[in-house]
Amino acid sequence: INNLYKTFNPGTINEKTVLNGLNLELRPSDFVSIIGGNGAGKSTMLNMIAGVHFADEGVITLDDVDITRLSEFKRAKYLGRVFQDPMLGTAADMEIEENLALAYRRGKRRNFSWGITKKEKEEYVELLKTLDLGLETRLTSKVGLLSGGQRQALTLLMATLKSPKLLLLDEHTAALDPKTARKVLELTEQIIAKNSLTALMVTHNMKNAIEYGNRLIMMHEGRVIYDVSGEEKKKLEVKDLLAKFESASGGE
Ligand code: ADP
Ligand code: MG
Ligand code: MG
């Protein structure tokens, strides 16, 4: 992401510059946790990567391809997305195996059909076993019967089935109780490592931001104001991040 600018409602009393010369370069297999105050532009950054909004200025490239003007639809096959609300990622009225089929076959088949073969069932069972939530015995259960944590785990699995170039997680455990959130974060870490995915994970929880990922960035007023990885990141404590945050938003 090179020098990205975004102003909402330009020329009105609601004008708001949200991304303000944002720069971010990801290395392959980076798992980046992203923190920053409310309104720092975290979700907007993810939305701009996904093509929900277009840039006023600046360039977004993915594997050396300029995607700045590519439609949301065209980008979708390169990106996996999981949002905060567990209701968004899966279809409640459909069975677990139907949800998986939808994710699994997306873009692979010209003529989509709901006939799920025995071989596919076996594959789904193996995939679901990796979640360790017992879902492999419930292939024909309606997703609406699952808990929020189970739905987020399933969403995560579905988001990774198309081998995305980039996985975008926007506070995907914020709606879960702490124990379930931890479980889903552990799964997130495992899935990212196993598939060598590159991922951006927004979180409000500074402890989680330190614990998960190889890299951490802090955003403030539409820019990255802190970027740390490797050993230096592991040594961080919440109070260090709070201090950074205080000094960035000093006087506000
Ligand atoms: P964060 O995720 O860091 O909390 P957001 O990126 O969601 O922040 O929002 C940053 C600012 O942009 C907020 O003030 C928000 O109200 C505003 N904003 C986000 N999306 C829109 C939109 N589609 N139209 C107008 N303002 C928006
Ligand atoms: Mg917010
Ligand atoms: Mg947000």
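Placed above this text is the structure.
Now for a quick tour of the structure. (Residues numbered from 1 in each chain as written. Chains lettered and ligands numbered in written order. Predicted model: local features only at pLDDT ≥ 70, side-chain atom pairs only at ≥ 80, totals over all residues.)

As for the site of ligand 1
Taken together, the neighbourhood of ligand 1 is formed by Phe8, Asn9, Lys16, Val18, Gly36, Asn38, Gly39, Ala40, Gly41, Lys42, Ser43 and Thr44. Elements with a minimum of two residues in the shell around ligand 1: strand E2 (16-22) and helix H1 (42-50). Residue contributions to the shell around ligand 1 peak at three residues, all from H1. (Near = placed C-beta within 6 Å. Helix = DSSP H or I, 4+ residues; strand = E, 2+ residues; numbered from the N terminus.)

Points about the sheet that holds E2
Strand order in the open sheet made by the three strands is E2-E1-E4, with antiparallel pairing throughout. Edge positions in the sheet fall to E2 and strand E4 (57-59), since each has one partner strand and no second. Across the sheet, the axes of successive neighbouring strands diverge by a mean angle of 20°, strand direction being ignored. In this sheet, E4 lies alongside strand E1 (residues 2-8) in antiparallel orientation, the contact comprising two bridges. Looking at E4, one finds that tyrosine 5 is bridged to glutamate 57. (Pairing = 2+ DSSP bridges. Axes fitted to C-alpha atoms, helices over the stretch in contact; angles between N-to-C directions.)

Considerations on the environment of leucine 161
Its place among the elements puts leucine 161 in the loop between helix H5 (148-160) and strand E8 (166-170). A tally of 17 C-beta atoms within 10 Å means that leucine 161 is categorised as partly exposed. A C-alpha to C-alpha distance of 31 Å links leucine 161 and leucine 19, two positions 142 residues apart in sequence. Residue contacts for leucine 161: discarding those within four places in its chain leaves Ala103 and Tyr104. (Buried ≥ 20, exposed ≤ 12 C-beta atoms within 10 Å, placed from the backbone. Contact = placed C-beta atoms within 7 Å.)

Looking at the pairing of strand E10 (residues 215-220)
Judged by how many residues are buried, E10 sits mostly within the fold: five of six residues are covered. In this sheet, strand E11 (residues 223-229) lies alongside E10 in antiparallel orientation, the contact comprising six bridges. Bridging from a neighbouring strand, histidine 220 pairs with arginine 223 of E11. Hairpin geometry of E10 and E11 is characterised by an intervening segment of two residues between the two adjacent antiparallel strands and by a positive phi of about 50° at glutamate 221.

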